[in-house]
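Close look at the chain arrangement
Here are the chains, one letter per residue:
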Amino acid sequence: MPGTRYFSNETFKFLRELAANNNKPWFQENKPRYEQYLKEPGKRFIEDFQAPLAKISKHFVSDPRGNGGSLFRIYRDTRFSKNKKPYKTNLGMRFSHESAKDVHAPGYYIHASNDGVWVGCGIWHPDGESLGKIRDAIVADSKKWKRARDAKKFTDAYDTQGESLKRPPRGYDPDHPMIEDLKRKDFIGGAKMTRKVFTSGDLMDEFVRLCKAAKPLNKFLCDALDVPY
């Protein structure tokens, strides 16, 4: 039975028009639409996701606050960017590990734009210390890593994504059987979701299913980083 419907075609219509009118006057005039079709339903989704997320892992956070919570700000940080357009043309929500403020840790993510809807898991661009711990964990127990990487529910739902080094990282055996994984700079999985599902009452159930399928990867990463899953 379908559940709550959070987003609609109006969500994508707003984002499409924002992309064509990425300036402050237009946004200020249309801010009520942003509140109605993106921000408020996003906060409701995040609040409703708290209970299902606690069953997946009590160490990940679903924070419905409008500022500083799981909902990404629509405003771009243009200080160090050549792209001075002030607004993001996507809706993003992240569900980080409770330790994320202190260490690089894995999480769950959903991104919606007119280019598509994407669900992510894992850890993107960990710092050097965290990356070393993950690589060391792969070397220390390659079988455990392969079980996580190749778990059927995970591979059925996700493609492994992210950047890799062109050469083996310093200090690791170039002939190690897991060398392609050791060359990774990111440990993330990505899954596509249809706009039809995203704008339907099936969104919550489908997102929960995808988060559950990501458990093998996120648990391995948590273990490697010495944080609880």
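Let us look at the structure shown here.

Cut-offs used in this document
Residues numbered from 1 in each chain as written. Predicted model: local features only at pLDDT ≥ 70, side-chain atom pairs only at ≥ 80, totals over all residues. Heavy atoms only, no water. Helix = DSSP H or I, 4+ residues; strand = E, 2+ residues; numbered from the N terminus. Contact = heavy atoms within 4.5 Å. Phe/Tyr/Trp six-rings, centres within 6.5 Å; stacked < 30°, edge-to-face > 60°. Buried < 20%, exposed > 50% of the residue type's maximum accessible area, 1.4 Å probe, protein only. Lys NZ or Arg CZ within 6 Å of the ring centre and 35° of its normal.

Quick look at the environment of Gly162 now. Assignment of secondary structure puts Gly162 in the loop between strand 4 (159–161) and helix 6 (179–182). Separated by 25 residues in the primary sequence, Gly162 and Phe187 place their C-alpha atoms 6.7 Å from one another. In this structure, Gly162 is in contact with Asp186 and Ile188, ignoring residues within four places of it in sequence.

Within this structure, the stated rule accounts for 22 aromatic pairs. Taken together, a centroid distance of 5.2 Å and an interplanar angle of 90° make the contact between Tyr6 and Phe45 edge-to-face. Of the two residues, Tyr6 sits in the segment before helix 1 (9–20) while Phe45 sits in helix 2 (residues 24–56), which places them 39 residues apart along the sequence. One exposure class covers both Tyr6 and Phe45, and it is buried. Ring pairs connect the aromatic residues Phe14, Trp26, Phe27, Tyr34, Tyr75 and Tyr87, which therefore count as one cluster. Above the plane of the ring of Phe72 lies Arg94, whose end atom (NZ or CZ) is 4.3 Å from the centre. Seen from the ring of Phe12, Arg195 lies directly overhead, with NZ or CZ sitting 4.1 Å from the centre.

Take Asp181: it is sitting in helix 6. Those residues in contact with Asp181 that lie beyond four places of it in its chain are Ile138, Trp145, Arg149 and Phe187.

In short, geometric facts, not functional conclusions.
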